[in-house]
Each structure stands twice: as structure tokens, then as C-alpha cells.
Amino acid sequence: MADLEAIKEAVSKGRRKDIVPLVEAALAEGVDPHVIINDYMIEAMKEVGARFEAKKIFVPEMMIAARTMQEGLEVIKPHIEGSGSSGKKLGTVVIGTVFGDLHDIGKNLVVLMLQSSGFEVHNIGENVPPETFVEKARELGADVVGMSSLLTTGDPHVKATVEAIKQSDIADKVKVICGGAAVTEKFALETCGADGYAPDAAGAVKVTKELLGLA
Ligand code: B1M
């Protein structure tokens, strides 16, 4: 039987050599890839965050856990890609992590879920300044701009990015959505003036569809 607890432990303890065979075995047994990600890998990262906060581990351990999760996700990716898409492009999304923030795992999951749902997604990376969000959205003809923020110190950058888009020439062409552990719905919608907020990757697909009148 698939050892899902071992997947969680491999991520939280950063056991990189274990993760690929464990995930492969779970997938071969037909375990839903979303369950592996949401119920085991993300839970493992929450534990890592708590241990970091309690000063039981430090940045290097956090990095190794992140690398382990990324390696596991690479195995899962082909099982999610294209799974829910009809083949028709639903819209174009430009997405990045806000200025000053290098966290990319959650954003990359949002990218994967949007792509697998039929959106064309341009991942513009991490540490992205507000003006780059605007430039890329204009250049790529975005219908939606998404931003991810994991650090509370990133709040002013989220606000500045939403404002930069809303004050630009593309304001009436794009919808703006925010997410990431540092962002609350109230902050995104009321403080920053974003059009949408999502607490997780599945929610990001839902809100993107709603904003484009597809749901
Ligand atoms: Co950092 N880190 N980190 N970190 N890190 C957090 C975020 C932290 C909460 C840990 C803690 O103290 N408990 C804390 C922030 C505290 C705060 O601001 N209040 C923190 C800190 C302090 C830091 C540093 C400052 C540490 C230091 O250097 N002293 C530093 C900052 C570097 C920088 O960015 N400038 C730092 C560095 C790092 C690593 C590089 C070591 C590594 C990141 C590696 C990487 O991303 N490639 C790392 C990690 C791994 C974490 C934790 C442990 C895990 C993050 C993660 O990947 N989670 C994290 C603790 C935690 O989050 N509990 C922590 C899994 C991921 C799937 O979840 O990203 O939340 P998440 O994404 C979710 C949702 O939020 C949502 O969907 C995703 C899937 O469900 N979502 C969206 C995300 N983006 C969205 C966008 C949307 C919609 C939904 O719409 C567009």
C-alpha cells in the first residue's frame, strides 16, 4: 500500500533520495496526485514552516525541504498536466511572485493548475517589480494577472503592484488576482483593490474562471 505518510516525512525532513520512488509508487497505485500534493506535501511544508518559526530548523533545512518537494512535484506534473483541459484556450494569465519574495512553489502549483485547466500561462518568475507585471501583461495580452506573496513584508509590494496595474493603460483589459500565505481576502480585495483572491491553487482556477465569465 502507498506510504503517503512517508511522502510527508520525506518532504518535511528533506530526504531527497526517497521522494521520487515514494511518489512514483503512490501514483502507480492510483493515488490522486492532488491528494499527494494537498494532503501530504503542503502539510509537510506547513510543519517545516512551524519548525522554522520555533527555531528548530534554519534556512538550509527549509531549502532542502523545498527542493525535495519540487523533485516530487516534477514526478507528479505529467499526471496533472492536461488532465482537466478540453484543449480550448480559456484565456491568458501572467503570473509572478511579488518584489522582494523568492518563494516559488505555491505560484508554480497555481501555474500548473491553471495550465491543466486550459489557460495559457506565462510564469514571469519571482522578485518581480510592479512595472514588470504591467509590461509583461501588456506584451502578452493578459486577461488576468496573478501575484503570489508569502512574506508579510511583501504587503506593500502587493498593493503597489495592484495599483500599478489599475493605474495603467491596460487597467480595463485585465483582472487582477492575489494569493499566497501572506495575503488575506480582505487585504487583497479591500486594501489593495484586487478583483479576486484565492487561498489555494484550485481556488485560483475557480476565481480566474469566475472573473472571465467562464464559471
Ligand atoms: Co520562507 N518563509 N523564507 N523559505 N518559507 C515562509 C513563507 C514563512 C511563513 C516561514 C515561517 O516563519 N513560518 C516565513 C514568512 C513569515 C512572514 O512573512 N510572516 C518565511 C521566511 C521568514 C523566509 C525568509 C525571510 C527566511 C530568512 O532568510 N531568514 C526567506 C525569505 C527569502 C525571500 O523570499 N526573499 C525565506 C526563504 C525560504 C526558502 C528559500 C528557504 C524556501 C523557499 C524555496 C522556494 O520557494 N523555492 C522557503 C520555504 C520553503 C518556506 C515555507 C516553509 C514553505 C513555503 C511553501 O513552499 N509552501 C514557508 C512556511 C509556510 O508557508 N507555512 C516559509 C508550500 C506551497 C505549496 O504553499 O506557497 O503557501 P504556498 O502556496 C499555496 C497558497 O498560498 C496558494 O496556493 C498554493 C497552493 O495551495 N497560493 C496562491 C500561492 N500563490 C498564489 C497565487 C494565487 C492564488 C493562490 O493567485 C495568483
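Here is what the cut-offs are and how they apply
- Residues numbered from 1 in each chain as written.
- Predicted model: local features only at pLDDT ≥ 70, side-chain atom pairs only at ≥ 80, totals over all residues.
- Heavy atoms only, no water.
- Core = buried A, V, L, I, M, F, W, Y, C linked by side-chain atoms within 4.5 Å.
- Buried < 20%, exposed > 50% of the residue type's maximum accessible area, 1.4 Å probe, protein only.
- Helix = DSSP H or I, 4+ residues; strand = E, 2+ residues; numbered from the N terminus.
- Domains from an automatic or database assignment.
- Contact = heavy atoms within 4.5 Å.
- Buried area = accessible area lost by both parts, 1.4 Å probe.
- Salt bridge = Lys/Arg side-chain N within 4 Å of Asp/Glu carboxyl O.
- Nonpolar A, V, L, I, M, F, W, Y, C, P; charged D, E, K, R; others polar.
- Axes fitted to C-alpha atoms, helices over the stretch in contact; angles between N-to-C directions.
- Parallel < 35°, antiparallel > 145°, perpendicular 65-115°, else oblique.
- Donors = N, O, S within 2.8 Å, 3.2 Å for Na, K, Ca; no water.
- Pairing = 2+ DSSP bridges.
- Right-handed = clockwise from strand over helix to strand, strands pointing away.

Visitor: Can you lay out the nonpolar core for me, pointing to particular residues and giving the numbers?
Guide: Core analysis: the largest hydrophobic core is formed by 39 residues, its most contacted members being Leu-4, Ile-7, Val-23, Ile-36, Met-41 and Ile-76. Elements with a minimum of two residues in this core: α1 (4-13), α2 (16-28), α3 (33-53), α4 (59-80), β1 (92-97), α5 (105-116) and α9 (201-211). Examining the composition of this core, we find that 7 residues originate from one element, α5, more than from any other. Among the domains, domain 1 (4-80) and domain 2 (92-211) are the pair contributing at least three residues each to this core. When neighbours within four sequence positions are excluded, Val-23 is seen to be in contact with Ile-7, Met-41, Gly-72, Val-75 and Ile-76. Grouped together as the second largest cluster of nonpolar side chains are 23 residues, Val-134, Ala-137, Ala-142 and Tyr-197 included.

Visitor: I'd like a rundown of the domain arrangement of the chain, residues and numbers included.
Guide: Each assigned domain of the chain is listed with its residue range as follows: domain 1 (4-80) and domain 2 (92-211). The partner domain 2 presents 6 residues to the 10 residues of domain 1 that form the contact. When the two sides are added together, the surface that domain 1 and domain 2 hide from each other amounts to roughly 640 Å², 84% of it contributed by carbon and sulfur. Three residues, Gln-70, Lys-77 and Ile-80, lead the burial of domain 1 against domain 2; their summed loss comes to 52% of the area buried on that side. Our enumeration of links across domain 1 and domain 2 arrives at 0 salt bridges. Breaking the side of domain 1 that touches domain 2 down by element, the ones donating at least two residues are α3 and α4. Top contributing element to the side of domain 1 that touches domain 2 by residue count: α4, with 6 residues. The residue makeup of the side of domain 1 that touches domain 2, split by class, is 7 nonpolar, 2 polar and 1 charged.

Visitor: With reference to specific residues and values, describe the packing of α1 against α4.
Guide: The interhelical angle for the contact between α1 and α4, taken along N-to-C directions, is 140 degrees, at an axis separation of 6 Å. When the axes of α1 and α4 are compared, the pair comes out oblique. Residues Ala-10, Val-11 and Ser-12 of α1 pack against Ala-65, Thr-68 and Met-69 of α4. Grouping the constituent residues of the contact of α1 with α4 by class yields 4 nonpolar, 2 polar and no charged.

Visitor: Summarise the coordination of the cobalt atom of the ligand; cite the residues concerned and give the values.
Guide: What the protein offers the cobalt atom of the ligand as a donor is a single atom, His-103 (NE2), at 2.3 Å. Inspection of the secondary structure assignment puts His-103 in the loop between β1 and α5.

Visitor: Outline the pairing of strand β4 (residues 175-179), listing residues and values.
Guide: Counting buried residues along β4, 4 of its 5 residues qualify, which places the element largely inside the surrounding structure. Pairing of strand β3 (residues 144-148) with β4, which is carried by 5 bridges, proceeds in the parallel orientation. Following the sheet pairing, Met-147 is matched in β4 by Cys-178. Regarding the hand of the β-α-β motif, the stretch spanning β3, helix α7 (residues 155-166) and β4 is right-handed. With 3 bridges connecting them, β4 and strand β5 (residues 196-198) associate as parallel partners. The partner of Gly-179 across the bridge, within β5, is Ala-198. The β-α-β motif built from β4, the intervening helix α8 (residues 185-191) and the parallel element β5 has right-handed crossover chirality.

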